[in-house]
Amino acid sequence: MPAARRPELADRLTVELLTALRGARRRALRDGDRQIDTAHLLHSLIEADPEAAAALGDGERLARVLGYLVQRSIGYGLRWQRSVEDTGAALPVLRGADPGASGWSPAAAVALAGAFERAAHRGDRCGGDRVRGLDLLAALAADPAGRAAEVLRRAGVDPYALTARIEEASQQV
């Protein structure tokens, strides 16, 4: 499901989200990880998408999230290196999810599929189904066992409250 490599999917992404997906791939390669995981996605997403970064709250909270993510390769998160993030099985199966997608952890693939589902649902209400960074952020936060949700919790961001805020904002669109 690597949307950044599939033109038919990439056309459905905002520029910010496409940039974030490409950044997550580079980050995973640089970290020596076999797969893009949800923490890679979170890190690249909040760097590439101002709307997603703003959803995390004030600057102090955003700085704490980024602090945990930056420390990933120098201490915090070392236990994640060279391991597969496989929490996605705990989430509902989503149409289009390919947990075996090359280069993606199962949880990251399910989160991306969840972002597409959210966009399709939102598009039904407001006439546009382009996948936004907020769609992915909500999907990342929705997996309580995912690495992204762990980072959010450690930084003082309640993943459930974040998902609810994003959902409430999308209802008003």
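A quick note: this is a predicted structure, and the numbers were derived from the prediction, not measured. (Residues numbered from 1 in each chain as written. Predicted model: local features only at pLDDT ≥ 70, side-chain atom pairs only at ≥ 80, totals over all residues. Heavy atoms only, no water.)

Draft legend 1. Just the overall build of the chain, in detail. Assigned secondary structure in the chain consists of nine helices and zero strands. Reading the secondary structure of the chain in the N-to-C direction produces α-α-α-α-α-α-α-α-α. Within the chain, buried positions represent 53% of all 173 residues. Accessible surface, the chain: about 8000 Å² in total, of which carbon and sulfur atoms supply 54%. (Helix = DSSP H or I, 4+ residues; strand = E, 2+ residues; numbered from the N terminus. Buried < 20%, exposed > 50% of the residue type's maximum accessible area, 1.4 Å probe, protein only. Areas by Shrake-Rupley, 256 points an atom, 1.4 Å probe, with all protein chains shown as cover.)

Draft legend 2. View of the packing of helix α3 (residues 38-48) against helix α5 (residues 59-70). As a packed pair, α3 and α5 sit with axes 10 Å apart at the nearest point and diverge in direction by 135 degrees. Between α3 and α5, the crossing angle belongs to the class labelled oblique. When the axes of α3 and α5 are compared, the crossing they make is left-handed. Where α3 approaches α5, its residues Ala-39, Leu-42, His-43, Ile-46 and Glu-47 are matched on the opposing element by Leu-62, Val-65, Leu-66, Leu-69 and Val-70. (Axes fitted to C-alpha atoms, helices over the stretch in contact; angles between N-to-C directions. Parallel < 35°, antiparallel > 145°, perpendicular 65-115°, else oblique. Left-handed = near helix turned anticlockwise from the far one by under 90°. Contact = heavy atoms within 4.5 Å.)

Draft legend 3. Region of the structure containing the packing of α3 against helix α7 (residues 133-142). Where α3 meets α7, the axes come as close as 11 Å, and the angle between the chain directions of the two elements is 145 degrees. Between α3 and α7 the crossing geometry is left-handed. The residues of α7 that touch α3, namely those facing Thr-38, Leu-41, Leu-42 and Leu-45, are Gly-133, Leu-136, Leu-137 and Leu-140.

Draft legend 4. Region of the structure containing the nonpolar core. The biggest cluster of nonpolar side chains holds 45 residues, and the ones touching the most others in it are Leu-41, Leu-42, Leu-56, Val-65, Leu-136, Leu-137 and Leu-162. Sequence-distant contacts of Leu-56, defined by excluding residues within four places in its chain, comprise Ile-46, Arg-61, Leu-62, Val-65, Leu-137, Leu-152, Val-157, Leu-162 and Arg-165. (Core = buried A, V, L, I, M, F, W, Y, C linked by side-chain atoms within 4.5 Å.)

Draft legend 5. Region of interest: the pattern of salt bridges. Enumeration according to the criterion identifies eight salt bridges in this entry. A salt bridge links Arg-132 to Glu-51, with the shortest nitrogen-to-oxygen separation between them at 3.2 Å. With Arg-132 in the loop between α6 (106-126) and α7 and Glu-51 in helix α4 (residues 50-55), this pair connects stretches of sequence that are 81 residues apart. For Glu-51, a relative accessible area of 39% translates into the label partly exposed. Among the salt bridges present, the one from Arg-118 reaches Asp-135, with a minimum N-O distance of 3.8 Å. (Salt bridge = Lys/Arg side-chain N within 4 Å of Asp/Glu carboxyl O.)

Draft legend 6. Examining the confidence of the model for the chain more closely. Of all residues in the chain, 74% have pLDDT values of 70 or greater, and the mean over the chain is 81. Mean pLDDT across the secondary structure elements of the chain bottoms out at helix α1 (residues 7-10), with 66, and peaks at α7, with 96. Below pLDDT 50 for its whole length, residues 88-100 participates in 23 contacts with residues either more than four positions away or in separate chains. (pLDDT = per-residue confidence, 0-100.)

Draft legend 7. Inspection of α5 at higher detail. With twelve residues, α5 should cover 16 Å at 1.5 Å per step; its first-to-last C-alpha distance of 16 Å lies within 8% of that length. Every buried residue of α5 is listed here: Leu-62, Val-65 and Leu-69. Across the axial projection of α5, the buried residues extend over an arc of 60 degrees, all falling on one side. Exposed and oriented more than 90 degrees from the buried face of α5 are Glu-60 and Val-70. Looking at the buried residues of α5, the elements they touch are α3, α4 and α8 (147-154). The residue sitting at the N-terminus of α5 and contributing the capping side-chain oxygen is Asp-58; that oxygen lies 3.2 Å from the backbone nitrogen of Glu-60. (Expected span 1.5 Å × (residues − 1). Arc of directions from axis to C-beta. Polar contact = N/O pair within 3.5 Å; in protein donor to acceptor, adjacent residues only side chain to side chain.)

Draft legend 8. The arrangement of α7 in detail. Across the ten residues of α7, nine count as buried, placing the element largely inside the fold. For α7, the full list of buried residues reads Gly-133, Leu-134, Asp-135, Leu-136, Leu-137, Ala-138, Ala-139, Leu-140 and Ala-141.

Draft legend 9. Structural context of the environment of Ala-161. Among the structural elements, Ala-161 can be located in helix α9 (residues 159-171). Under the relative-accessibility criterion, Ala-161 is labelled partly exposed at 29%. Spatially, the C-alpha atom of Ala-161 lies 10.0 Å from that of Ala-138, the residues being 23 residues apart in sequence.

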